[in-house]
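Descriptive structure summary
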Amino acid sequence: MPTKRSLVGLCAALAMGAALLTTGTAQAIPASHGTSYGHVMTMPAAPKTGHPAALLAAAPSTSPAVRTAYAGAGGGVYCQSGYFCASVWDPTAGKFKIFFFYSCNRYTLSNWIDWAEAQNSQTGGAVAGLYGSGGGLLQTVPADNAVYAVNWSPVYSIRNC
């Protein structure tokens, strides 16, 4: 009987995995560059995943680590004055993971892929820079409290000041 139970369990697990892969939300459409939401970031639609690799994905992270929070698609997150905030889809949680960068530093990114958003609520006009694999500057985000769409796939590090 143990073999039969294992086979039934395996079939149930495969059916659940297939159900997760076939359901999903609409494809994410990046926000307009510079669209202003004050200090609130509203998360875009969840990205559509259509392959089993998403089940084996790793959570996005930074080094050094910073404070984080989660929000679902369409949810809002307050980006406090003095912070550079960045959201990225976390396939392990099925939500957007929001990173709050405060201390002036260069942060290395791991497992940041696809489109999401960034908002620079730092004071004193601090401009955040997004850098590629070779260390070259890809994009800047001015301290204007606007929400910017960002393709995180080519970004390897952030300098928030």
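Owing to the predicted nature of the structure, the values given are computational and were not obtained by experimental measurement.

Cut-offs and rules
- Residues numbered from 1 in each chain as written.
- Predicted model: local features only at pLDDT ≥ 70, side-chain atom pairs only at ≥ 80, totals over all residues.
- Heavy atoms only, no water.
- Helix = DSSP H or I, 4+ residues; strand = E, 2+ residues; numbered from the N terminus.
- Buried < 20%, exposed > 50% of the residue type's maximum accessible area, 1.4 Å probe, protein only.
- Areas by Shrake-Rupley, 256 points an atom, 1.4 Å probe, with all protein chains shown as cover.
- Pairing = 2+ DSSP bridges.
- Axes fitted to C-alpha atoms, helices over the stretch in contact; angles between N-to-C directions.
- Core = buried A, V, L, I, M, F, W, Y, C linked by side-chain atoms within 4.5 Å.
- Contact = heavy atoms within 4.5 Å.
- pLDDT = per-residue confidence, 0-100.

What follows concerns the overall build of the protein chain. A tally of regular secondary structure across the protein chain gives one helix and 13 strands. Across the protein chain, helices and strands are ordered from the amino to the carboxyl terminus as α-β-β-β-β-β-β-β-β-β-β-β-β-β. For the protein chain, the residues scored as buried account for 35% of the 161 residues in total. A total of about 8500 Å² of accessible surface is found on the protein chain, and carbon and sulfur atoms cover 59% of it.

If you trace the five strands from one edge of the open sheet to the other, you get β3-β8-β13-β10-β11, paired in antiparallel fashion. In this open sheet, the two strands that pair with only one neighbour each are β3 (61-63) and β11 (137-141). When the angles between neighbouring strand axes are averaged without regard to direction, this sheet yields 25°. Bridge analysis of strand β10 (residues 128-131) against β11 gives four bridges, and the strand direction is antiparallel. The residue bridging Y131 from the neighbouring strand is L137, located in β11.

This part takes up unusual backbone geometry. With an omega of -5°, the peptide bond running from S63 to P64 counts as cis. In this structure, P64 sits in the loop between β3 and β4 (67-71). In the Ramachandran plot, N111 falls in the positive-phi region, its phi being about 65° despite a non-glycine side chain. Relative to the helices and strands, N111 is located in the loop between β8 (106-110) and β9 (115-120).

What follows covers the nonpolar core. Nonpolar side chains in soluble globular proteins tend to be buried together. Grouped together as the largest cluster of nonpolar side chains are 29 residues, with contacts concentrated most on F84, F101, W112, L130, V141, W152 and I158. Looking at this core, the elements with two or more residues in it are β6 (84-90), β7 (95-101), β8, β9, β10 and β12 (146-151). Residues in contact with I158, not counting those within four places in the same chain, are F84, F101, N105, R106, Y107, L109, W112, G129, L130 and W152.

This paragraph deals with the environment of F101. Relative to the helices and strands, F101 is located in strand β7. Residue classification places F101 among the buried positions, given a relative accessible area of 0%. Residues F101 and Y83, 18 residues apart in the sequence, show an inter-C-alpha distance of 5.6 Å. If we skip the residues at most four places from it in the chain, F101 touches T62, V66, G82, Y83, F84, A86, Y107, W112, I158 and N160.

All right, on to the pairing of β12 then. Burial analysis of β12 places five of its six residues in the buried class, the great majority of the element. Where β9 lies against β12, five bridges are found, and the strand directions are antiparallel. When the sheet's bridge partners are listed, Q119 is paired in β12 with V147.

This next bit is on the confidence of the model for the protein chain. Scored by pLDDT, the protein chain comes out at a mean of 78, with 66% of its residues at no less than 70. For residues 1-38, every residue scores under 50 in pLDDT, and the model assigns this stretch 31 contacts once sequence neighbours within four places are set aside.

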